[in-house]
Amino acid sequence: MPPSLLLARAALLEARRSALPWLALGLLAAACGLAAFLSQVALVEARELQATVVAALLRAGGAFLLAAHVAASVSREANDKALELALALPLSRRSYYLGKLSGYGLVGILLAVTYALSLLPWSPPAAIALWGTSLALEYLLVVAATLFFAMALSGVVPAIAAAAGLYLLGRSVAAIQLLSRGPLADEGWTQMLSRWAVDGVALLLPRLGAATRSDWLIYGSPPAAEYGMALLSLAAYGALLVAAGLFDFHRRNL
């Protein structure tokens, strides 16, 4: 078996034996409980509210759990000198990095499938399939970002903070751009500079706000072009993070 596949298998076994499965199930139970509570007090259609709340909480909570797991795993290997031991073997750095990335990515895909299937009581299977596919790509992007930051930064907290910041900014940058162009925005040069700064930052971020949208589960599938562009954006940004991580890992461990 190739070394990269052995590393991916080891990452899967590590995730199964860690607290991640229990935390993921706890998040699912909490999301369903909150959705049931809100459906009793809200004045809107309970089915739509439940689907929206559960999907939003699972998407964001799962991303945080995945980032925390990847950052903790990389930090633990570094502290236990397992990374130095692996690099002392006849194993290329590229194989090591891609093997770990594949293992963590499979964990993210399994998490996305589990959360997507949990929405079957509230949404049609076709909409869930589209939402789940987008969620899997989104989680793969989170894995690539967290692995990059965990290898480049020292410590679990900085890696989680960097990955969470990238994720939250990617989710909210479209809304920030709309606010900077709102009817109450000043038309002075300072406002114009701030608007250009926001647009410049937006170019460096993944457009997560266009992917894995909760309204897909309620109002039906998005247009094919819009859906394809959302998936292509996630895949392209994830590939960029993988390339940056490989370059940084090779440079830091020569």
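Throughout what follows, the structure given in this document is the object of discussion.

How each quantity is defined
Residues numbered from 1 in each chain as written. Predicted model: local features only at pLDDT ≥ 70, side-chain atom pairs only at ≥ 80, totals over all residues. Heavy atoms only, no water. Axes fitted to C-alpha atoms, helices over the stretch in contact; angles between N-to-C directions. Helix = DSSP H or I, 4+ residues; strand = E, 2+ residues; numbered from the N terminus. Left-handed = near helix turned anticlockwise from the far one by under 90°. Contact = heavy atoms within 4.5 Å. Nonpolar A, V, L, I, M, F, W, Y, C, P; charged D, E, K, R; others polar. Expected span 1.5 Å × (residues − 1). Buried < 20%, exposed > 50% of the residue type's maximum accessible area, 1.4 Å probe, protein only. Salt bridge = Lys/Arg side-chain N within 4 Å of Asp/Glu carboxyl O. Core = buried A, V, L, I, M, F, W, Y, C linked by side-chain atoms within 4.5 Å.

### Digging into the packing of helix H5 (residues 93–117) against helix H6 (residues 125–152)
With their axes 8 Å apart at the nearest point, H5 and H6 run at an angle of 145 degrees to one another. The two elements H5 and H6 cross, and the hand of that crossing is right-handed. Contacts between H5 and H6 involve Tyr96, Tyr97, Leu101, Tyr104, Gly105, Gly108, Ile109, Leu111, Ala112, Tyr115 and Ala116 on the former and, on the latter, Ile128, Trp131, Gly132, Leu135, Ala136, Tyr139, Leu140, Val143, Ala144, Leu147, Phe148 and Met151. Class assignment of the residues belonging to the contact of H5 with H6 gives a composition of 20 nonpolar, 3 polar and no charged.

### Brief notes about H6
Side chains that are three or four residues apart share a direction in an α-helix, a result of its 3.6 residues per turn. Compared with an ideal rise of 1.5 Å per residue, which puts 28 residues at 40 Å, H6 spans 40 Å between its outermost C-alpha atoms and is within 8% of the ideal. Burial analysis of H6 places 20 of its 28 residues in the buried class, which makes it a mostly covered element.

### Topic: the pattern of salt bridges
In this structure the tally under the stated criterion is 4 salt bridges. Close ionic contact of Arg171 with Glu138 constitutes a salt bridge, the shortest N to O distance being 2.8 Å. Here Glu138 lies in helix H6 and Arg171 lies in helix H7 (residues 156–180), a separation of 33 residues in the sequence. Between Arg213 and Asp215 there is a salt bridge, with the nearest N and O atoms lying 2.9 Å from each other. Under the relative-accessibility criterion, Asp215 is labelled partly exposed at 27%.

### Examining the nonpolar core
Formed by 68 residues in total, the largest nonpolar core has its most connected members in Tyr115, Leu119, Trp131, Tyr139 and Leu147. If you list the elements that add at least two residues to this core, you get helix H1 (3–17), helix H2 (20–41), helix H3 (46–79), H5, H6, H7, helix H9 (216–219) and helix H10 (224–252). Tallying contributions element by element places H6 first for this core, with 15 residues. Residues within four places of Leu147 in sequence aside, it is in contact with Val70, Val74, Tyr97, Leu101 and Tyr104.

### Brief notes about the side chain of His69
Tracing the chain through its elements places His69 in helix H3. Those residues within four positions of His69 in sequence are excluded, and the remaining contacts are Glu14, Ala15, Ser18, Leu20 and Tyr104.

### Let's talk about unusual backbone geometry
Notably, Thr212 is not glycine yet its phi reads approximately 50 degrees, a positive angle. As for its position among the elements, Thr212 is in the loop between helix H8 (189–203) and H9.

So yeah, pure geometry; function would need other evidence.
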